[in-house]
Amino acid sequence: MGVLIFAEATKGNYKKNALEAVYYGSKIANQIGGETVVFTIGDGANAGQFGSYGADKIWFNSNENSSDTQVVSSLIAQAAEKAGATYVVLANTAMGKAIAGRLAIKLDASLVSGVNALPSGNTIQKQVFSGKANATFELKGDKHVITVMGNTLQPEATGNDGIPEEISLSAPEPRIKVLDTKTVEGTVPLPEAELVVSAGRGMKGPENWGIIDELAELIGATTACSRPVADTGWRPHHEHVGQTGIAIRPNLYFAIGISGAIQHLAGVNNSKVIVVINKDPEAPFFKAADYGVLGDLFDVVPKLIESFKKFKAS
Amino acid sequence: MNILVCISKTPETTAKISFSSDNSTFNTDGVQYIMNPYDEWYALVRAIELKEKHGGKVIAINVGTADNDIIIRKALAIGADEAVRINGEASSSYFVAKQIAEYAKSNAIDITFLGKETINYNGSEVGAMVSELLDQPYISYASSMEFDGTSATINRDIEGGVEVIQVSKPFVISAAKGLAEQRIPNMKGIMMAKRKPLNVVEPVACDDKVTISEYSLPPGKTEVKMIDPDNMDELVRLLHEESKVI
Ligand SMILES: Cc1cc2nc3c(=O)[nH]c(=O)nc-3n(C[C@H](O)[C@H](O)[C@H](O)COP(=O)(O)OP(=O)(O)OC[C@H]3O[C@@H](n4cnc5c(N)ncnc54)[C@H](O)[C@@H]3O)c2cc1C
Ligand SMILES: Nc1ncnc2c1ncn2[C@@H]1O[C@H](COP(=O)(O)O)[C@@H](O)[C@H]1O
């Protein structure tokens with residue numbers, strides 16, 4: 001019995017979602033009284049830290065084909081067998097989801113993706129209908145694969161670092177070839193951002209985004225936008241949040257000049273705190289907000305910037 | 001070339017979500033259904049474009065009961081050549097994946113298209129399962145695809161960026177925004193769809209590994225606190241002291 005967590009590395013580094021998955025997995029291991037084993041692909045150089053997030057063992061395997069789901073799922077499945085894992089936990093990232101389904105078939109396990117709480121007995125909860133409801137899934141059989149949503153548990157470092165150990169595994173021939181990887185440099189990618197400043201059609205045009213960028217930069221937030229703003233090319237597509245864009249759950253979401261259509265809310269209503277700035281008192285977004293400011297954004301946002309500057313200086 | 005497109009149905013995006021009084025089932029009363037946007041706007045259209053360029057046929061597949069026929073006809077009206085409905089309740093992603101894989105195996109499918117996720121259960125589970133059952137490469141969240149008849153160059157969305165990959169057929173691909181431009185069915189398409197074959201096939205036996213036992217609505221938001229637009233210092237103070245996010 002045990003829990004195997006796959007920690008996804010990006011160029012040898014680990015993002016918050018990997019720490020969260022490890023911490024979450026260790027909590028399940030406590031529940032079932034088993035071992036927490038972390039598995040990662042790469043040289044394992046930065047994997048020692050998982051020890052302080054609950055890992056009893058840290059395994060790594062250096063394989064270069066970490067983008068091929070056939071290769072990766074085969075390696076994880078072997079590690080899971082070796083660990084005698086009852087649960088296999090992955091972060092609910094694009095890659096995590098692309099691997100999880102393969103793993104479930106390989107291990108003949110049940111699969112629930114995007115869970116947002118720890119299991120309770122043989123049940124586990126996840127969001128459905130784009131965050132408009134939760135569903136409790138009953139797990140059958142004796143092996144389970146789950147992908148865990150960001151911000152489900154706040155990881156706490158407690159114990160000491162562990163010592164990564166290389167394990168040898170056999171891998172199938174890769175069938176996809178990676179030609180190039182383009183990452184958005186500088187800012188934290190939206191799915192991982194703790195603070196998000198988002199703006200909509202109320203901005204009137206792309207030339208007015210200076211105040212949004214300034215506010216975001218000042219507080220270290222990532223920028224986002226509503227769908228029509230991305231569709232008309234005012235902002236790049238990777239900023240589009242909502243039902244048909246990215247679903248996010250930051251600690252703080254600023255919605256500036258966004259009406260709060262149901263499809264927009266579907267992607268952001270799990271934010272811990274929502275601040276809405278809008279000049280229309282009837283804007284539906286106010287109903288989903290924690291704090292609301294009724295006013296002209298071209299007036300309010302510069303004032304907000306000044307207040308944050310004062311706050312930072314104090 | 002045989003191209004399979006998996007289409008699912010989902011409640012229309014503004015549908016009100018409610019449950020039976022014991023919270024065990026989703027209340028379908030008055031709910032309008034649509035074809036899952038990722039399947040319709042991107043996967044299906046890109047598949048049709050490939051056929052238009054390279055020949056072959058596009059087969060739309062759905063796992064579901066007879067009330068899905070209206071959505072399947074829409075796929076035919078947009079331009080699929082034929083359709084097949086696997087006649088069973090889509091009770092879990094494993095059940096659905098198993099049916100699609102069985103069909104793909106016995107019909108020499110070169111490329112299997114899916115949507116990135118259904119917007120009802122947001123699983124993104126079916127595609128990876130189908131590709132494993134078929135022992136084929138899986139390229140998820142594709143936002144563009146060039147194909148030369150044998151091999152494809154695909155941009156796929158990854159966390160905070162894009163990865164460009166190359167793969168040869170057969171493979172399984174899931175469609176994200178950008179893969180194609182939405183097509184609206186025209187009158188001719190709608191008329192032709194009536195004469196195109198919609199085959200109904202019985203499902204293969206398969207036990208679900210998960211079942212949904214209960215639904216709940218997320219806890220409601222507390223009343224919004226309105227802040228004077230001339231007092232942004234107060235907003236900053238609340239974010240720092242009350243909600244502790246800054
Ligand atoms: C199938 C489907 C999927 C969709 N998916 C998404 C999705 O994923 N994401 C998404 O965002 N949308 C999505 N939409 C679109 C959605 O329904 C809305 O049309 C969209 O979110 C509206 O964008 P907006 O709020 O920026 O613009 P608007 O609705 O035009 O709102 C602009 C707001 O700005 C306010 N405003 C204007 N000027 C000022 C000012 N000077 N100061 C302060 N406030 C001002 C106005 O009061 C208004 O509330 C989808 C729609 C469909 C049908
Ligand atoms: N009942 C179904 N019949 C056919 N295809 C489906 C069905 N359910 C899901 N799919 C396909 O699988 C994709 C991903 O669905 P999901 O794993 O539920 O998020 C969808 O976009 C569809 O292409």
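Residues numbered from 1 in each chain as written. Chains lettered and ligands numbered in written order. Predicted model: local features only at pLDDT ≥ 70, side-chain atom pairs only at ≥ 80, totals over all residues. Heavy atoms only, no water.

Description of the overall build of chain B
Here's step 1: Per the secondary structure count, chain B includes six helices and 13 strands.
Here's step 2: For chain B, the C-alpha atoms occupy an extent of roughly 65 × 45 × 40 Å along the three principal directions.
Here's step 3: In chain B, which comprises 246 residues, the proportion classed as buried is 53%.
Here's step 4: Excluding contacts between residues fewer than 6 apart, the proportion of contacts in chain B whose partners are at least 24 apart in sequence is 71%.
Here's step 5: Charged side chains of chain B number 25 positive and 35 negative; the gap between the two group centres comes to 7 Å. (Helix = DSSP H or I, 4+ residues; strand = E, 2+ residues; numbered from the N terminus. Buried < 20%, exposed > 50% of the residue type's maximum accessible area, 1.4 Å probe, protein only. Contact = heavy atoms within 4.5 Å. Lys, Arg positive; Asp, Glu negative; His and termini not counted. Charge placed at Lys NZ, Arg CZ, Asp CG, Glu CD.)

Some thoughts on the site of ligand 2
Residue and element names in this part refer to chain B.
Here's step 1: Taken together, 19 residues form the shell around ligand 2, and within it C6, D39, T118, S124 and E125 come nearest.
Here's step 2: V63 has a polar backbone atom sitting 2.8 Å from a nitrogen atom of ligand 2.
Here's step 3: T118 places a polar main-chain atom, nitrogen or oxygen, 2.8 Å from an oxygen atom of ligand 2.
Here's step 4: In isolation ligand 2 offers 480 Å² of accessible surface; the protein chains occlude 93% of this area.
Here's step 5: At the level of elements, β4 (57-64), α3 (93-106) and β6 (111-115) are the ones that each hand at least two residues to the shell around ligand 2. (Near = heavy atom within 4 Å. Polar contact = N/O pair within 3.5 Å; in protein donor to acceptor, adjacent residues only side chain to side chain. Areas by Shrake-Rupley, 256 points an atom, 1.4 Å probe, with all protein chains shown as cover.)

As for helix α4 (residues 210-219) of chain A
Residue and element names in this part refer to chain A.
Here's step 1: Where α4 is concerned, the buried positions are I211, I212, L215, A216, L218 and I219. Down the axis, α4 shows its buried residues gathered within 160 degrees of arc, on one side only.
Here's step 2: Where α4 is buried, its residues touch β13 (195-199), β14 (222-225), β15 (252-256) and α7 (297-313).
Here's step 3: Phi turns positive one or two residues past the end of α4, at G220, with a value near 75 degrees. (Arc of directions from axis to C-beta.)

Points about the interface of chain B and chain A
Here's step 1: Opposite the 76 residues of chain B that make contact, chain A presents 82 residues.
Here's step 2: The contact between chain B and chain A buries some 6,900 Å² in all, and 57% of this surface belongs to carbon and sulfur atoms.
Here's step 3: For chain B, the biggest contributors to the area lost against chain A are E159, K209 and K221 of chain B; these three give 10% of the whole.
Here's step 4: On inspection of chain B and its partner chain A, the count reaches seven salt bridges.
Here's step 5: Put simply, R102 of chain A and E132 of chain B hold a salt bridge, and the shortest N to O gap is 2.6 Å.
Here's step 6: Summed over the shared surface of chain B and chain A, the number is 36 residue pairs in polar contact (both at pLDDT 80 or more).
Here's step 7: Counting residues per element, the ones that place at least two in the side of chain B that touches chain A are α1 (37-54), α4 (126-134), β7 (138-147), β8 (151-158), β9 (161-168), β12 (210-216), β13 (225-227) and α6 (232-242) of chain B.
Here's step 8: At eight residues, the largest contribution of residues to the side of chain B that touches chain A is made by α6 of chain B.
Here's step 9: Of the residues contributing to the side of chain B that touches chain A, the split by class is 38 nonpolar, 19 polar and 19 charged.
Here's step 10: Summarising the sheet, strand β12 (residues 176-183) of chain A and β9 of chain B pair through seven bridges and their orientation is antiparallel. By the bridge assignment for β9 of chain B, V178 of chain A is matched with I165 of chain B. (Buried area = accessible area lost by both parts, 1.4 Å probe. Salt bridge = Lys/Arg side-chain N within 4 Å of Asp/Glu carboxyl O. Nonpolar A, V, L, I, M, F, W, Y, C, P; charged D, E, K, R; others polar. Pairing = 2+ DSSP bridges.)

A word on helix α2 (residues 69-78) of chain B
Here's step 1: Along α2 of chain B, the positions that sit buried rather than exposed are I71, I72, A75, L76, A77 and I78 of chain B.
Here's step 2: Once α2 of chain B ends, the next one or two residues include G79 of chain B, with phi positive near 145 degrees.

What about a nonpolar patch on the surface?
Here's step 1: Taken together, M187, I190 and M191 of chain B make up a surface patch of nonpolar side chains, about 290 Å² in accessible area.
Here's step 2: Relative to the elements of secondary structure, I190 of chain B occurs in helix α5 (residues 187-195). (Patch = residues over 30% accessible without salt bridge, like charges linked within 9 Å, V, L, I, M, F, W, Y side chains within 5 Å.)

Some words on the domain arrangement of chain A
All names here are of chain A.
Here's step 1: Along its sequence, chain A is organised into domain 1 (2-166) and domain 2 (190-313).
Here's step 2: Summarising the inter-unit geometry, the C-alpha centres of domain 1 and domain 2 are found 32 Å apart.
Here's step 3: Each side of the interface is counted separately: domain 1 has 12 residues, and domain 2 has 10 residues.
Here's step 4: Interface area, domain 1 with domain 2, both sides summed: about 860 Å², of which 33% is carbon and sulfur.
Here's step 5: Summed over the three residues of domain 1 that lose the most area to domain 2, namely S130, K132 and N151, the buried surface amounts to 47% of that side.
Here's step 6: Between domain 1 and domain 2 we count two salt bridges in total. (Domains from an automatic or database assignment.)

Quick word on the pattern of salt bridges
Here's step 1: Tallying each qualifying case throughout the model produces 29 salt bridges over all chains.
Here's step 2: A salt bridge links D108 of chain A to K209 of chain B, with the shortest nitrogen-to-oxygen separation between them at 2.9 Å. Of this pair, D108 of chain A sits in the loop between α3 (94-107) and β7 (110-115) while K209 of chain B sits in the loop between β11 (198-201) and β12, which puts the two residues in different chains.
Here's step 3: If you follow the salt bridges from partner to partner, you end up with K16, E20 and E194 of chain A in one network.

Considering the nonpolar core
Here's step 1: Core analysis: the biggest nonpolar cluster contains 55 residues, and L4, F39, I76, V88 and V145 of chain A have the highest contact counts within it.
Here's step 2: Not counting residues within four places of it along the chain, the set of residues in contact with V88 of chain A comprises L4, I76, A80, L103, L107, H144, V145 and I146 of chain A.
Here's step 3: Core analysis: the next-biggest nonpolar cluster, separate from the first, contains 40 residues, I3, Y42, A77 and L198 of chain B among them. (Core = buried A, V, L, I, M, F, W, Y, C linked by side-chain atoms within 4.5 Å.)

Quick word on the site of ligand 1
Here's step 1: Of all residues adjacent to ligand 1, which total 28 residues, the nearest are S226, S259, Q263, H264 and N278 of chain A.
Here's step 2: Positioned at a junction of chains, ligand 1 has nearby residues supplied by chains A and B.
Here's step 3: At a separation of 3.0 Å, an oxygen atom of ligand 1 approaches a polar side-chain atom of H240 of chain A.
Here's step 4: For ligand 1, a nitrogen atom lies 2.8 Å from a polar atom in the backbone of L297 of chain A.
Here's step 5: For ligand 1, the accessible surface in isolation is 990 Å², of which the surrounding protein chains cover 81%.
Here's step 6: Secondary-structure elements contributing two or more residues to the shell around ligand 1 are α5 (227-231), α6 (262-268) and α7 of chain A.

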